[in-house]
Amino acid sequence: MHKLAPTSLSRLQALSTLGPRFYQVSVYMRRLETLGLVAATGRSDPAADSVEYKITDTGRAELEERYGSSPPALKDD
């Protein structure tokens, strides 16, 4: 289990629940990507300076290790 910032955990949960989403490239997303918990899909939105990410199997396993088979409900951003 990795030590993750609350923002990173929230994004990981959103990707798990809602599917691929666009996020601006940030230290949080780069760390999740470096740890293999998320992967860029290859789609981007230059106008918003964002990239689409999806959760990986490793990311799902991380959430399951933390929260079991049913992760906590997402809070509104």
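Residues numbered from 1 in each chain as written. Predicted model: local features only at pLDDT ≥ 70, side-chain atom pairs only at ≥ 80, totals over all residues. Heavy atoms only, no water.

Along the chain, Arg11 falls in helix α1 (residues 6-18). Reaching out from Arg11, the side chain makes a polar contact with the side chain of Ser26 at a distance of 3.3 Å. Ignoring sequence-local partners within four residues, the contact set of Arg11 consists of Tyr23, Ser26, Tyr28 and Met29. (Helix = DSSP H or I, 4+ residues; strand = E, 2+ residues; numbered from the N terminus. Polar contact = N/O pair within 3.5 Å; in protein donor to acceptor, adjacent residues only side chain to side chain. Contact = heavy atoms within 4.5 Å.)

Now for helix α3 (residues 57-67). What α3 keeps buried is the set Gly59, Glu62 and Leu63. An end-on view of α3 places all buried positions within 95° of arc, on one side of the element. Exposed and oriented more than 90 degrees from the buried face of α3 are Asp57, Glu64 and Glu65. Elements that come into contact with the buried residues of α3 comprise α1 and β3 (50-55). Backbone geometry just downstream of α3 places Gly68 in the positive-phi region, at approximately 80°. (Buried < 20%, exposed > 50% of the residue type's maximum accessible area, 1.4 Å probe, protein only. Arc of directions from axis to C-beta.)

Its place among the elements puts Ala5 in the segment before α1. With 23 residues separating them in the primary sequence, Ala5 and Tyr28 have C-alpha atoms 7.8 Å apart.

Glancing now at the pattern of salt bridges. The tally for this structure, following the rule as stated, stands at three salt bridges. Between Glu33 and Arg30 there is a salt bridge, and its shortest N-O distance comes to 3.0 Å. Separated by three residues within a single helix, Glu33 and Arg30 lie in helix α2 (residues 27-34), roughly one turn from each other. On the basis of relative accessibility, which here comes to 26%, the residue Glu33 falls in the partly exposed class. For Arg30, a relative accessible area of 45% translates into the label partly exposed. Residue Glu62 pairs with Arg66 through a salt bridge whose shortest N-O separation is 3.3 Å. With Glu62 and Arg66 both in helix α3 and four residues apart, this pair spans about one turn of that helix. Take Glu62: its relative accessible area is 5%, and that puts it in the buried class. Taking relative accessible area as the criterion, Arg66 reaches 23% and is therefore assigned partly exposed. (Salt bridge = Lys/Arg side-chain N within 4 Å of Asp/Glu carboxyl O.)

Right, let's talk about α1 for a bit. Taking 1.5 Å per residue as the helical rise, α1 with its 13 residues ought to reach 18 Å, and the 18 Å between its terminal C-alpha atoms agrees with that figure. The complete set of buried residues in α1 reads Ser8, Leu9, Arg11, Leu12, Gln13, Ala14 and Leu15. Buried-residue contacts for α1 involve β1 (21-24), α2, β2 (38-45), β3 and α3. Immediately downstream of α1, the backbone of Gly19 shows phi near 90°, a positive value. (Expected span 1.5 Å × (residues − 1).)

The values are spatial; any link to function lies outside them.
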